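Coordinates in review
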Amino acid sequence: MRNKSAGVTSGKSGNQPRSKRAMPSRRSKGGLLARVNFPLYTLQMLTSRHVLVGGGGGSSKTGVANGFEIFELFHDGVQFVAEEVTRHETGPSVVMNCASHNDGKRTVVVAGQESHCQLYNVNMKIINLENGEVAKGSVTGSGTAGLRQRRRSERDDAEREKEKLKQERVEEVVDSNSNVRHKKLQLVIKPADSIQTDFSKIEPLQRIVRVSPTGKYMATGGTDGCVRLWKFPHMTKVHEMIGHTKEIDDMDFSPGGESLATIAKDGKGFIWDVASGEKRKELCWAVPEGTKYMYKRCRFRLVEEDKARTQLFILSNSTSSKNLSFLQLWDADGGVVLKSAPYKETLSALAVSDNGRFVAVGTMFSGNVDIFIAFSLQRVLHVPGAHSMFITGLEFLPTKLDGPAITSNTEAAVVSISVDNRICVHSIPFRHTLPFWIVIVLIVLSIFGAFVVCSYLGI
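Residues numbered from 1 in each chain as written. Predicted model: local features only at pLDDT ≥ 70, side-chain atom pairs only at ≥ 80, totals over all residues. Heavy atoms only, no water.

The next point concerns the overall build of the chain. For the chain, the helix and strand inventory stands at three helices and 32 strands. Relative to its 459 residues, the chain shows a buried fraction of 52%. A separation threshold of at least 6 residues defines the contact pool for the chain, and within that pool the share at least 24 residues apart is 55%. Looking at the chain as shown, the accessible area adds up to about 21600 Å², and 53% of this sits on carbon and sulfur atoms. (Helix = DSSP H or I, 4+ residues; strand = E, 2+ residues; numbered from the N terminus. Buried < 20%, exposed > 50% of the residue type's maximum accessible area, 1.4 Å probe, protein only. Contact = heavy atoms within 4.5 Å. Areas by Shrake-Rupley, 256 points an atom, 1.4 Å probe, with all protein chains shown as cover.)

Next comes the structure, spelled out in structure tokens:
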């Protein structure tokens, strides 16, 4: 696989449909992070600064490989940059979905490969580099291991090589002899167990996999419409939850891991009790008369102000292109829609920040990315034409994962991928507010001014 690390550039501009409740657009402080040579379908944040992307060209002999790539993200004070760390090829099996869990001690990735779910251990090691030495991303899988070989055109392109070396980021450490060494973190993906998770008689295929926040359970869904719950990471089956009649589109665990939301192509959405495997609630809303809607994506939201409440974001697309689509905020316990933001086109991707403050949406036709304040659905960022094709995945940079967070001048940032082979980042700057004492002084001055005016007018 060949990729190019890149500094961030601004997204494309253009006239794109906007939601009716949209606020004035801010320009994204982000853009292209990296480009690979295969279509991208799934991404996960492995640590606070490592992002994994997966995809491929499928089993046909197209020359397009299948597998994962891991990038390490940095912020140089002006923009985000990415550096390739690891590549892992998966042979003829394209990676369409994956999930990861990091408990602070180990990182595990599970990926859907045809009808099976493959577990991978992500081993981390720190290597020391002598002054001037540059580490290259390792390549594993498909019987090959070693350093990624550059094409002749890359070796001959001196300017590109110079720019790439400028973007290399390593931590400088001084040893007892005052010799400068570089420490660099390497991640190596190693396959472990594999289990069959879908048993469709026509074309068995795992469509989605999620791991609970506690790391205790894994949930899978596929073309047979059955939701299966597994012990994790041992992957022994706990429950088979029967309710959907068509293939599963998406699912998500609640922040505490006690509930599981699922949506499918039968147009239904359910909330399940994880402990018992029983259906707790069906999600229904009053659709406009004469229309039909299908749920596309779902993600729970952590409610910081009241952790006893459970809220769920859902993307609802009309089956007719003439009708609006919606980003909906649900009360998952009551099964009612609290707020919604309309769209004039089909929605394809959804992500919620780990602190529950922001939600991001990706569109199908225009490749737009939007970020909203979660509790109010006020749009704070609009990136028109972030990708040239539909958005296949979104993930916020985490605030709670292992390792130091990326220091930047942004309040939140979301990574996006598409089948256009591009990895992009879009961020919003901190919203500046006045110090409390200045607010008090302004209030006092306003009252004093009003008093003076009233006295002068004899009121």
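Another aspect to go through is the sheet that holds strand 24 (residues 325-331). In sheet architecture, strand pairing relies on hydrogen bonds along the backbone and comes in two forms, parallel and antiparallel. Strand order in the open sheet made by the four strands is 22-23-24-25, with antiparallel pairing throughout. Because the sheet does not close on itself, it has two edges, and the strands there are strand 22 (293-301) and strand 25 (336-343). Taken over all neighbouring pairs, the strand axes of this sheet differ in orientation by 20° on average, direction set aside. Taken together, the eight bridges between strand 22 and strand 23 (residues 311-318) define a ladder with antiparallel strand orientation. When the sheet's bridge partners are listed, R301 is paired in strand 23 with Q311. (Pairing = 2+ DSSP bridges. Axes fitted to C-alpha atoms, helices over the stretch in contact; angles between N-to-C directions.)

A few words on the layout of surface pockets. By volume, the largest pocket is sized at about 950 Å³. Listed by contribution, the elements that provide at least two residues to the lining of the largest pocket are strand 3 (40-45), strand 7 (97-102), strand 14 (206-211), strand 18 (248-253), strand 22, strand 26 (347-352) and strand 30 (391-396). Among the elements that take part in the lining of the largest pocket, strand 7 stands out by supplying four residues, more than any other. Classifying every residue of the lining of the largest pocket by side-chain character gives 16 nonpolar, eight polar and seven charged. Quantified by volume, the second largest pocket comes out at close to 710 Å³. Residue lining of the second largest pocket: 34 residues in total, with Y41, M96, R207, R297 and T392 positioned closest to the centre. Broken down by secondary-structure element, the contributors of at least two residues to the lining of the second largest pocket are strand 3, strand 7, strand 8 (107-113), strand 14, strand 18, strand 22, strand 26 and strand 30. Looking at the lining of the second largest pocket, its residues break down into 15 nonpolar, nine polar and ten charged. (1 Å grid on protein atoms, 1.4 Å probe; cavity = no way out; pocket = protein on both sides within 12 Å on 5 of 7 lines; lining within 4 Å. Points joined across faces, edges and corners; volume = space filled by probe spheres on them. Nonpolar A, V, L, I, M, F, W, Y, C, P; charged D, E, K, R; others polar.)

Attention shifts here to the environment of G367. When you line up the elements, G367 lands in the loop between strand 27 (358-363) and strand 28 (369-373). Using a relative accessible area of 0% as the deciding quantity, one classes G367 as buried. Measuring from C-alpha to C-alpha, the distance between G367 and S348 comes to 9.3 Å, with 19 residues separating the pair along the chain. When sequence neighbours within four positions are dropped, the list of residues in contact with G367 reads V383, G385, A386, H387, M389 and I391.

Here the focus is the nonpolar core. Ranked by internal contacts, the top residues of the largest apolar core, which has 20 residues, are V53, F71, L73, L397 and I423. Residues contacting V53, with those up to four places away along its chain left out, are L40, T42, L43, G67, F68, E69, F71, I417 and I423. (Core = buried A, V, L, I, M, F, W, Y, C linked by side-chain atoms within 4.5 Å.)

Throughout the structure, instances matching the rule amount to seven aromatic pairs. Measuring from ring centre to ring centre gives 5.9 Å for W285 and F326, while their planes differ by 75°; the resulting arrangement is edge-to-face. With W285 in the loop between strand 21 (279-282) and strand 22 and F326 in strand 24, this residue pair connects regions lying 41 residues apart in the sequence. Take F326: its relative accessible area is 14%, and that puts it in the buried class. Centroid distance Y293 to F326: 5.9 Å. Interplanar angle 45°. Geometry classified as tilted. Of this pair, Y293 sits in strand 22 while F326 sits in strand 24, and the two are 33 residues apart along the sequence. In this structure, Y293 and F326 share a single accessibility class: buried. Grouped by ring-pair contacts, the aromatic residues W285, Y293 and F326 constitute a single cluster. (Phe/Tyr/Trp six-rings, centres within 6.5 Å; stacked < 30°, edge-to-face > 60°.)

Here N421 is to be found in the loop between strand 31 (410-418) and strand 32 (422-429). Residue classification places N421 among the buried positions, given a relative accessible area of 19%. Setting aside anything within four residues of it in sequence, one finds N421 in contact with A34, R35, V36, N37, F38, P39 and L40.

The next point concerns a nonpolar patch on the surface. Taken together, I440, I443, V444 and I447 make up a surface patch of nonpolar side chains, about 360 Å² in accessible area. Its place among the elements puts I443 in helix 3 (residues 436-457). (Patch = residues over 30% accessible without salt bridge, like charges linked within 9 Å, V, L, I, M, F, W, Y side chains within 5 Å. Salt bridge = Lys/Arg side-chain N within 4 Å of Asp/Glu carboxyl O.)

Glancing now at the sheet that holds strand 21. Strand order across the open sheet formed by four strands is 18-19-20-21, with antiparallel pairing between neighbours. Edge strands, defined here as strands with exactly one partner in the open sheet, are strand 18 and strand 21. In this sheet, neighbouring strand axes are inclined to one another by 20° on average, regardless of whether the strands run parallel or antiparallel. Note: strand 18 against strand 19 (residues 259-264), five bridges, orientation antiparallel. Within strand 19, the position partnered with D250 by the bridge is I263.

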